[in-house]
Amino acid sequence: MHDVLGIGFGPSNLALAIAIEEHNARAAPQERLRAAFLERQPSVGWHRGMLIDDATMQVSFLKDLVTLRNPASEFSFLCFLQERGRLVDFLNAKTLFPLRIEFHEYFEWAASRVADMVAYGSEVTAVEPVTGEDGEIRWFDVTSRDPAGSGRTVVRRARNISVAVGLEPHLPPGTVLSDRVWHNSELLPRVEELTGSGRRVERILVLGAGQSGAEALDYLHRSFPQAEVCAVFAKYGYTPADDSPFANRIFDPEAVDVYYRSSPEVKQSLFEYHRSTNYSVVDMDLIESLYSTMYREKVLGRERLKVRNVSRIRDVQEGDGGLDVTVEYLPTGERETLGADLLVHATGYRPRDIGAVLGEAAKLCLRDDNDAVRIERDHRVALTPQASAGIYLQGATEHTHGITSSLLSTTAVRSGEILDSLLAHRTDLATARASR
């Protein structure tokens, strides 16, 4: 019997595991929480396909797994640097934004310190509500299997579950992935495989105008020095990310309270006003670097880095020799078919369908007038009255909790709020049952 069972073990549930570990270390035995987490990957991983060697974080290192919740935590990024012998070197670099690959190393380090809570290679296949003799839904039975194993399943019972399964790649309708058509989430392993094969690459198209699209464009341009690499997007040019101090306050923990209390109309306004902090935007340094590269190539008379702006891809045909990609120039409607060796979709991500994750348990979730799952301020899903068991949702809560729903900015704070909620609900249930 678990007090809480986490589905997925990315940064969100890793932060929760740390919060529980720290609580248990100082709590009396009867106050401790028994927790476990299930992760289908063989180890902790965070956007592995985009860990480009020189790519940096877009969020301050102080917004790590713990600091905004507990600045004295031994699980902080600074403690990680101290243990790795790089703290002074990092300070001398005078930056708030570590290399992305270093922050991934930090996640691996933190996960290793709570490894006893995690079952890797465990893919959840079913979540079944369990009813007590009084008709109250008190638990969930969570079934998992090893996706690379014999098919043997394990069932674990929990009073609460924390769903943090991350995002899935978003692709235009009708897109068929192949050896020549990728999503940018696969960028690094695909490039490594392709360069190892010795296959000639003459033209690459990158669809998308956000940070991932710009990073993919830059990386592919460097990785294939003989190829033309061309961005395709509907904008006129890349839009700079708004990381100014006042705009960045939309990522403050207090901003979640403001957003949650607001009417649907105000929520929509806040989202539209501040979407340039996160959506379809690019760091200014990268924009300037790409432009400088294009101009330099124009001066030298060998233009490999190109942009087809105000354009959309209308059709993709794959043959033995490569791709035929039809690109429409939107102002005139003129279409041109380009031969290409690769097409990379940097078209973003979307939340996973909670119904697909929860199965039968999803029927307990209450929904609002827009058919979106109702989420309480403590990240607990509103369930039917007969359910005392709890479901916590991390991510896929943008409609209730705002832009930071799936971002690192409030991960540490959110883990503390869920911990407090777990403890409060346990006390309330014990009191209610004792009074019956």
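Structure's up top.
Small disclaimer: the values here were computed from a predicted structure and weren't measured.

A. Representation of helix H8 (residues 264–274) in the model. Turning to H8, its buried residues number three or more, namely Lys267, Leu270 and Phe271. One side of H8 carries all its buried residues, which in axial view fall inside an arc of 100°. Of the exposed residues in H8, the ones pointing more than 90 degrees away from its buried face are Glu265 and Tyr273. Buried residues belonging to H8 abut helix H7 (253–261) and helix H11 (398–401).

B. The arrangement of the pattern of salt bridges in detail. Applying the stated rule across the entire model yields 30 salt bridges. With a shortest N-O distance of 3.2 Å, Arg86 and Glu105 are connected by a salt bridge. Highlighted residues: Arg86 in the loop between helix H2 (77–84) and helix H3 (87–92) and Glu105 in helix H4 (residues 100–112), separated in sequence by 19 residues. For Glu105, a relative accessible area of 24% corresponds to the partly exposed category. When the shortest N-O distance is used, the salt bridge between Glu417 and Arg377 registers 3.1 Å. Of this pair, Glu417 sits in helix H12 (residues 411–434) while Arg377 sits in the loop between helix H10 (354–358) and strand S18 (390–393), and the two are 40 residues apart along the sequence. Classification of Glu417 as partly exposed rests on a relative accessible area of 24%. Put simply, Arg84, Arg86, Glu102 and Glu105 are held in one network by salt bridges that share partners.

C. Just the sheet that holds strand S7 (residues 160–163), in detail. What the 5 strands build is an open sheet, ordered S3-S2-S1-S7-S18; its pairing is parallel. Lying at the two open borders of the sheet, with one neighbouring strand each, are strand S3 (118–120) and S18. The sheet shows a mean angle of 20° between the axes of neighbouring strands, direction not considered. The pairing of strand S1 (residues 4–7) with S7 spans 3 bridges and is parallel. Bridging across to S7, Ile7 finds its partner in Val163. Sheet strands in contact with H12 are S1, S7 and S18, and its direction is about 170° off that of S18.

D. Region of the structure containing the environment of His170. Within the secondary structure, His170 sits in the loop between strand S8 (167–169) and strand S9 (181–183). Using a relative accessible area of 30% as the deciding quantity, one classes His170 as partly exposed. Sequence separation of His170 and Glu83 is 87 residues, and the distance between their C-alpha atoms is 38 Å. Residues in contact with His170, not counting those within four places in the same chain, are His183, Thr347, Gly348, Tyr349 and Arg350.

E. Examining the packing of aromatic side chains more closely. Applying the stated criterion to the full structure yields 17 aromatic pairs. Between Phe9 and Tyr120 the ring centres are 6.3 Å apart and the planes differ by 80°, which places this aromatic pair in the edge-to-face class. Of the two residues, Phe9 is situated in the loop between S1 and helix H1 (11–26) and Tyr120 in strand S3; the sequence distance between them amounts to 111 residues. Put simply, the rings of Trp46, Phe61, Phe77, Phe80, Phe90, Phe103, Tyr106, Phe107 and Trp109 pair up and form one aromatic cluster. A cation over an aromatic ring shows up here: Arg113 above the ring of Phe75, its NZ or CZ 4.6 Å from the ring centre.

F. Local environment of the nonpolar core. In this structure, Leu14, Ile20, Leu65 and Tyr106 are the most contacted members of the largest nonpolar core, which totals 39 residues. Mapped by element, the contributors of at least two residues to this core are H1, strand S2 (35–39), H2, H4 and H12. Counting residues per element, this core draws most heavily on H1, which supplies 7 residues. Setting aside residues no more than four positions away along its own chain, Tyr106 makes contact with Asp64, Leu65, Val66, Phe75, Ser76, Phe77 and Phe80.

G. Just the side chain of Asn13, in detail. Residue placement: Asn13 occurs in helix H1. With relative accessibility at 0%, the residue Asn13 sits in the buried group. In this structure the side chain of Asn13 is engaged in a polar contact, spanning 3.4 Å, whose partner is the backbone oxygen of Ile7. Discounting residues that sit within four places of it in the chain, Asn13 has contacts with Gly6, Ile7, Gly8, Phe37, Ser162, Ala164 and Gln394.

Calculation notes
Residues numbered from 1 in each chain as written. Predicted model: local features only at pLDDT ≥ 70, side-chain atom pairs only at ≥ 80, totals over all residues. Heavy atoms only, no water. Buried < 20%, exposed > 50% of the residue type's maximum accessible area, 1.4 Å probe, protein only. Helix = DSSP H or I, 4+ residues; strand = E, 2+ residues; numbered from the N terminus. Arc of directions from axis to C-beta. Contact = heavy atoms within 4.5 Å. Salt bridge = Lys/Arg side-chain N within 4 Å of Asp/Glu carboxyl O. Pairing = 2+ DSSP bridges. Axes fitted to C-alpha atoms, helices over the stretch in contact; angles between N-to-C directions. Phe/Tyr/Trp six-rings, centres within 6.5 Å; stacked < 30°, edge-to-face > 60°. Lys NZ or Arg CZ within 6 Å of the ring centre and 35° of its normal. Core = buried A, V, L, I, M, F, W, Y, C linked by side-chain atoms within 4.5 Å. Polar contact = N/O pair within 3.5 Å; in protein donor to acceptor, adjacent residues only side chain to side chain.

Purely spatial values, then, with no claim about function.
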